[in-house]
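Inside the fold
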Amino acid sequence: MPPLETLPSDTFSLQASGSIELVAAPAALLHAEGALWVQDHRGWAITKMDPDTGEVLGQAETGLIGCGDLVHADGGIWWTGCRVSPGMVKLDPDTLEIVEQDPELGLGPAEHQGGLWRPISLTRNTWPAALQRVPLDAPGEATLVPVPGLRDGQAGAISANGSLWVTDRRSAIVYEVDTDAGTVLAAVPMPTAAGSVYLIEHDGAPLFYDAQTGRIVTIDPRTREARMLNLRLEKPHDYWGVAASSAEGDEGHLWVRSGDGEVWLVDTRQDVVLRRIAIDPAGGGGDVQQIGDNLWVSGFASQSIERITLQPDGAP
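Residues numbered from 1 in each chain as written. Predicted model: local features only at pLDDT ≥ 70, side-chain atom pairs only at ≥ 80, totals over all residues. Heavy atoms only, no water.

This part is about the sheet that holds strand β28 (residues 294-299). Reading across the sheet, the four strands line up as β2-β29-β28-β27 and stay open at both edges, with antiparallel pairing between neighbours. Taken across any chain shown, the strands that pair with only one partner, and hence form the sheet edges, are β2 (9-13) and β27 (288-291). The sheet shows a mean angle of 20 degrees between the axes of neighbouring strands, taken without regard to direction. Note that β28 and strand β29 (residues 304-309) share six bridges and pair antiparallel. Counterpart to Val297 in the pairing with β29 is Glu306. (Pairing = 2+ DSSP bridges. Helix = DSSP H or I, 4+ residues; strand = E, 2+ residues; numbered from the N terminus. Axes fitted to C-alpha atoms, helices over the stretch in contact; angles between N-to-C directions.)

Structure below.
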């Protein structure tokens, strides 16, 4: 393992402005429309920050408890709720006003072929779960695509290699779906148990992350071969959600959080840890996002956002 690096950093505390109610448990981070977007996990508020200075540019209440993802699609920021407030809302990135709403429960939406797709849990249907397509040009005309074997809508979907990929938390299987034909092209078993699992897009392919065991599995979208990396991530104490994003510039490089006090740069193609960077251990978990020469890390427990200056020369 490479030595642990301590780099220059700044910390920005999240504070509510005006009448906004802010629980301040920052989790998901998203870089889109020239801003850094911060999800208030367990709360309703979204925060828009300047990615260069850390200045808060605006806040808005979404009306949904934010334990899902933030997604950029169709020129807007989509916020996913869960539990007692299921659904999805689209916010205008300039005005922060809600411009679209969808009431169904489901996490991890992905933009794919003119629609926003996500797995949803069903309670009054033939299937326990299905893929929901929300057309971006007609959000009120959502349709369902069954995925035989899919058991819940809690682990997300991603678009890669022309297909949609989806998994759930009750099985250790990733499904490749042809959304045009409405058929399952492949069911790829994972070399790990079901549980707190997540699916993200990385290096043009699905990446499966098991938060319980700290294992990462890459899937070749051409051969559908699953490969579990040798590294094992430590689980943070407070927030167990996926905390990983592709690094800028280098193919196959992934930023991922390990434990409370480290972020790793991993070459997923070579299965090697390239860098270990120290972060504020009081954060207790949270997301990680590279924007240019800076690495942003959300601190779920510390109620803050940390900005780390990457070196040398700003390159990972």
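Ranked by internal contacts, the top residues of the largest apolar core, which has 16 residues, are Tyr209, Ile216, Leu231 and Val256. Going through the elements one at a time, β19 (197-202), β20 (205-210), β24 (253-258) and β25 (262-267) are the ones with two or more residues in this core. Once you skip the residues sitting within four places of it in the chain, Leu231 turns out to touch Gly214, Arg215, Ile216, Trp264, Val266, Asp271 and Val273. (Core = buried A, V, L, I, M, F, W, Y, C linked by side-chain atoms within 4.5 Å. Buried < 20%, exposed > 50% of the residue type's maximum accessible area, 1.4 Å probe, protein only. Contact = heavy atoms within 4.5 Å.)

Moving on: the sheet that holds strand β21 (residues 215-219). With antiparallel pairing, the four strands of this open sheet are ordered in space as β19-β20-β21-β22. Two strands bound the open sheet, and with one partner strand each, they are β19 and β22 (226-228). Ignoring strand direction, the axes of neighbouring strands in this sheet form an average angle of 25 degrees. Both β20 and β21 contribute to a ladder of four bridges, which runs antiparallel. Bridge pairing in β21 links Leu207 to Thr218.

Volume-wise, the second largest pocket comes out at about 310 Å³. Taken together, 15 residues make up the lining of the second largest pocket; nearest its centre are Asp203, Ala205, Thr218, Ile219 and Asp220. Where the lining of the second largest pocket is concerned, the elements lending two or more residues are β20 and β21. Partitioned by chemical class, the residues of the lining of the second largest pocket number five nonpolar, four polar and six charged. (1 Å grid on protein atoms, 1.4 Å probe; cavity = no way out; pocket = protein on both sides within 12 Å on 5 of 7 lines; lining within 4 Å. Points joined across faces, edges and corners; volume = space filled by probe spheres on them. Nonpolar A, V, L, I, M, F, W, Y, C, P; charged D, E, K, R; others polar.)

Moving on, we come to the pairing of β19. Of all six residues making up β19, five are buried, and the element is well covered by its neighbours. Summarising the sheet, β19 and β20 pair through six bridges and their orientation is antiparallel. From the neighbouring strand, Glu201 faces β20, where its bridge partner is Pro206. Hairpin connection of β19 to β20: two residues between the antiparallel strands, including Asp203 at a positive phi of 60 degrees.

Right, let's talk about empty space enclosed by the protein for a bit. Summed over the entire model, instances satisfying the criterion amount to three cavities of 30 Å³ or more. For the largest cavity, the calculated volume is near 60 Å³. If you go around the largest cavity, the residues you meet are Thr11, Arg257, Ile279, Asp280, Gly283, Val297, Ser298, Gly299, Ser302, Ser304, Ile305 and Glu306. Broken down by secondary-structure element, the contributors of at least two residues to the lining of the largest cavity are β28 and β29. For the lining of the largest cavity, the class distribution of residues is three nonpolar, six polar and three charged.

Summing up the model confidence of the protein, the mean pLDDT is 87 and the portion of residues at 70 or higher is 92%. Across the protein, the element-wise mean pLDDT spans from 85 in strand β10 (residues 98-102) up to 97 in β22. (pLDDT = per-residue confidence, 0-100.)

A separate point is the packing of aromatic side chains. For the structure on display, the rule yields two aromatic pairs. Over the face of the ring belonging to Tyr198 we find Arg169, whose NZ or CZ atom lies 4.7 Å from the ring centre. (Phe/Tyr/Trp six-rings, centres within 6.5 Å; stacked < 30°, edge-to-face > 60°. Lys NZ or Arg CZ within 6 Å of the ring centre and 35° of its normal.)

Okay, the environment of Leu4 next. Mapped onto the fold, Leu4 is located in strand β1 (residues 4-5). Judged by relative accessible area, Leu4 falls into the partly exposed class, the value being 41%. Along the primary structure Leu4 and Val263 are separated by 259 residues, whereas in three dimensions their C-alpha atoms are 9.5 Å apart. Leu4 has contacts with Glu262, Arg276, Ile277 and Ala278, leaving out every residue within four places of it along the chain.

Its place among the elements puts Ser245 in strand β23 (residues 244-246). Among the residues examined, Ser245 registers a relative accessible area of 11% and is labelled buried. Among the polar contacts made by the side chain of Ser245, one reaches the main-chain carbonyl oxygen of Val288 at a distance of 2.8 Å. Excluding residues within four positions of it along the chain, Ser245 makes contact with Leu254, Trp255, Val288, Gln289 and Gln290. (Polar contact = N/O pair within 3.5 Å; in protein donor to acceptor, adjacent residues only side chain to side chain.)

Our next topic: the environment of Asp287. Relative to the helices and strands, Asp287 resides in the loop between β26 (272-278) and β27. Residues within four places of Asp287 in sequence aside, it is in contact with Ala27, Ala28, Leu29, Val242, Ala243, Ala244, Arg257, Trp296, Val297 and Ser298. Here Leu29 takes part through its backbone nitrogen, which lies 2.9 Å from a polar atom of the side chain of Asp287.

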